[in-house]
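# Per-entry structural report
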Amino acid sequence: MAPSGGRSAARPLDSVDHAILRILRADGRASIRSVAERVHVSRANAYARINRLVEDGVIRGFSARVDQERAGQGASAYITMKIVQNSWRTVREKLQSLPGAAHIALVTGDFDVLLQVHTPDNHSLRELVLTRIQSIPEVLSTRTLLVFEERDLDVDS
């Protein structure tokens, strides 16, 4: 029987699975042959492992890592929010639809929600926070943390 939420129990990952995940995080376009050679397994084994990781939901998809500044999104920020109790699903839906919303998390601590956004400039960021986010009735307060520099830690680049 699956745990609540409809998700089945996770299968344990071994060192080869973890190595495959590291390679694909760094280069989602890596060929099966390249992955197999780097983790020292056959191509058939690498192919089967990657398919299992996808089928099990460990790999949720493949995407490009974007340099936000070069893509015209020169301002990035983390926005913390306090929200009305039990309004997470409603707030999440509204925040997900915002232009530039990149990552959203329900967290514990001094605030309830952490939202990462990318906008063309500080003026657009200001409008996003003051006009769009603060107008959501369930959002009680916000704090904006401007990002000066960011780097993916799990990627060799």
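Figured I'd write up the structure that's included with this text. Residue numbers here run from 1 along each chain, matching the order of that chain's written sequence. Where totals are concerned, whole chains, interfaces and linings use all residues; where local detail is concerned, this predicted model gives features only for residues with pLDDT of at least 70, and gives and counts side-chain atom pairs only at 80 or more. Note that water and hydrogens are dropped before the side-chain values are worked out from all heavy atoms of the structure.

The 4 strands lie next to each other as β2-β3-β1-β4, forming an open sheet whose pairing is antiparallel. The open sheet is flanked by β2 (101-106) and β4 (139-147), the only strands paired with a single partner. Here the strands of the sheet are splayed against their neighbours by 20° on average, with no regard to which way each runs. Strand pairing is assigned whenever DSSP identifies at least 2 bridges connecting the two strands. Helix and strand definitions here come from DSSP, where helices need a minimum of 4 consecutive H or I residues and strands a minimum of 2 consecutive E residues; each element is numbered from the N-terminal end. Relative to β4, strand β1 (residues 75-83) runs antiparallel, the two sharing 8 bridges. With axes taken as lines fitted to C-alpha atoms, and helix axes fitted only over the stretch in contact, angles between N-to-C directions fall between 0 and 180 degrees.

Time to look at helix α1 (residues 15-26). Expected helix span is given by 1.5 Å per residue-to-residue step, counting one fewer step than there are residues. Its 12 residues place the ends of α1 17 Å apart at the C-alpha level, agreeing with the 16 Å of an ideal helix rising 1.5 Å per residue. Partly exposed describes any residue whose relative accessible area lies between the buried limit of under 20% and the exposed limit of over 50%, with all areas from a 1.4 Å probe on protein chains only and scaled to the type maximum. Every buried residue of α1 is listed here: Val16, Asp17, Ala19, Ile20, Leu21, Ile23 and Leu24. Any two residues having at least one pair of non-hydrogen atoms within 4.5 Å are treated as being in contact. On its buried face, α1 sits against α2 (32-39) and α3 (43-55).

Our focus in this paragraph is the environment of Val139. With respect to the secondary-structure elements, Val139 resides in strand β4. Taking the relative accessible area as the measure of exposure, Val139 reaches 9% and is therefore buried. As for Val139 and Leu98, which are separated by 41 residues in sequence, their C-alpha atoms are 14 Å apart. Beyond its immediate sequence surroundings of up to four residues, Val139 is in contact with Met81, Lys82, Ile83, Val91 and Ile133.

In this section: the environment of Val129. Relative to the assigned elements, Val129 resides in helix α5 (residues 122-133). A relative accessible area of 7% means that Val129 is categorised as buried. Linking Val129 and Ala77, residues 52 residues apart in sequence, is a C-alpha distance of 10 Å. Among residues more than four places away in sequence, those in contact with Val129 are Ile79, Gln134, Thr142 and Thr144.

Looking now at the nonpolar core. If you look at the biggest cluster of nonpolar residues, it comprises 17 residues, and the most contacted ones within it are Met81, Leu95, Leu115 and Ile133. Excluding anything up to four places from it in sequence, Ile133 contacts Ile79, Met81, Leu95, Leu98, Leu115, Leu128, Val139 and Thr142. Ranked by size, the runner-up nonpolar core spans 14 residues in total, among them Ala19, Leu21, Ala30 and Ile59. The term nonpolar core refers to a set of buried residues drawn from Ala, Val, Leu, Ile, Met, Phe, Trp, Tyr and Cys, joined through side-chain atoms within 4.5 Å.

What follows concerns α2. Taken residue by residue, α2 has Val35, Ala36 and Val39 as its buried positions. Projected onto a plane normal to the axis of α2, the buried residues spread over an arc of 100° and lie on a single side. For α2, the elements touching its buried residues are α1 and α3. Just past α2, the residue His40 takes up positive phi, approximately 65°. To obtain the arc, one takes the directions from the helix axis to the C-beta atoms.

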